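Analysis of the macromolecular model
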Amino acid sequence: MKSKSIMDDGQEQMEFWLAGPILNIPDILQPAAHALLQSERELKKYTADFPKELLWAKTSGRASVGFHMNHITGVLDRMMTYAKSESLTAEQFQFLKQEGSFNLTIEVEGLQEQFSAKVAEALAYFKTLPEDTLTEKRTVGRKKLPTTVIGLLFHAAEHSQRHIGQLLVTVSVLQSKIS
């Protein structure tokens, strides 16, 4: 029996990792691509109809839903920048600084679209990478911590999945308080 997940429209769909390879993405990056697509699907599912007024609410001292949505987008963007052997821009530092900032002008749908756009950008980037470049050395941050291209891309994917799990719990707790 195959494992399935339910999307918010009620349609049953296989999880991405069971749906086969994504065209033109190197085999070794398929798990990262699948994880990012799964994160995108689940982000939309778990935040569908989520009340805007709870976007920045914290529960049990944990991060807000808005933070998680911004943070996974920002981390994915930063990891791709490092993978390209580039330095972060002033705009990226500003985004990082404001990831958890209370902002009532931000819409849930805007945060969903922001992450979807970054996932599409990441998958397009994956398609440009020859497999023999994935073990090239890269560094992270001001301290120039050592890693590789593949290390950065896998971290971005697993990090997204981790925050989706945290987001799900926060959404569930906050919605249970208003039901």
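As a starting point, this report considers the structure included with it. (Residues numbered from 1 in each chain as written. Predicted model: local features only at pLDDT ≥ 70, side-chain atom pairs only at ≥ 80, totals over all residues. Heavy atoms only, no water.)

Focus: the packing of aromatic side chains
Heads up, the rule is: Stacked, tilted and edge-to-face pairs are distinguished by plane angle, under 30 degrees for stacked and over 60 for edge-to-face with tilted covering the rest, among Phe, Tyr and Trp rings (Trp via its six-membered ring) whose centres lie within 6.5 Å. As a reminder, the over-ring test applies to NZ of lysine and CZ of arginine, requiring each to be within 6 Å of the ring centre and within 35 degrees of the ring normal.
Overall, the coordinates contain zero aromatic pairs when judged by the stated rule. Over the aromatic face of Y125 sits the side chain of K84, whose NZ or CZ is 5.0 Å from the ring centroid.

Regarding the side chain of S39
Here is the rule we go by: Numbering of helices and strands starts at the N terminus; helices are DSSP runs of H or I of at least 4 residues and strands are runs of E of at least 2. Whether a residue is buried, partly exposed or exposed follows from its accessible area with a 1.4 Å probe, protein chains only, as a fraction of its type maximum: under 20%, in between, or over 50%, in that order. Contacts are assigned to residue pairs with any non-hydrogen atoms lying within 4.5 Å of each other.
Following the sequence through the fold, S39 ends up in helix α1 (residues 30–47). We classify S39 as buried; its relative accessible area is 0%. For S39, the residues in contact, after removing those within four places along its chain, are F115, S160, Q161 and I164.

What to know about the pairing of strand β4 (residues 145–148)
Every other side chain in a regular strand lies on the same face of the sheet, so the side chains alternate between the two faces. As a reminder, the rule being used: Two strands qualify as a pair provided DSSP detects at least 2 bridges between them.
Here four bridges tie strand β3 (residues 137–140) to β4, and the two strands are oriented antiparallel to one another. Of the residues in β4, the one forming a bridge with R138 is T147. Remark: four residues form the turn of the hairpin made by β3 and β4, two consecutive strands paired antiparallel; G141 in that turn has positive phi of roughly 70°.

Remarks on the packing of helix α2 (residues 65–83) against helix α5 (residues 149–178)
Put simply, the rule reads: Lines are fitted to the C-alpha atoms to define the axes, a helix being fitted only along its stretch in contact, and any angle between axes, read from their N-to-C directions, falls within 0 to 180 degrees. An angle counts as roughly parallel when it lies under 35 degrees, as roughly antiparallel when it exceeds 145, as roughly perpendicular when it falls between 65 and 115, and as oblique in every other case. Amino acids are sorted into nonpolar (Ala, Val, Leu, Ile, Met, Phe, Trp, Tyr, Cys and Pro), charged (Asp, Glu, Lys and Arg) and polar (every other residue, Gly among them).
Following both chains from N to C, one finds α2 and α5 inclined at 180°, their axes separated by 9 Å at the closest point. Taken together, the axes of α2 and α5 lie roughly antiparallel to each other. Partitioning the contact of α2 with α5 into residue classes produces 18 nonpolar, eight polar and no charged.

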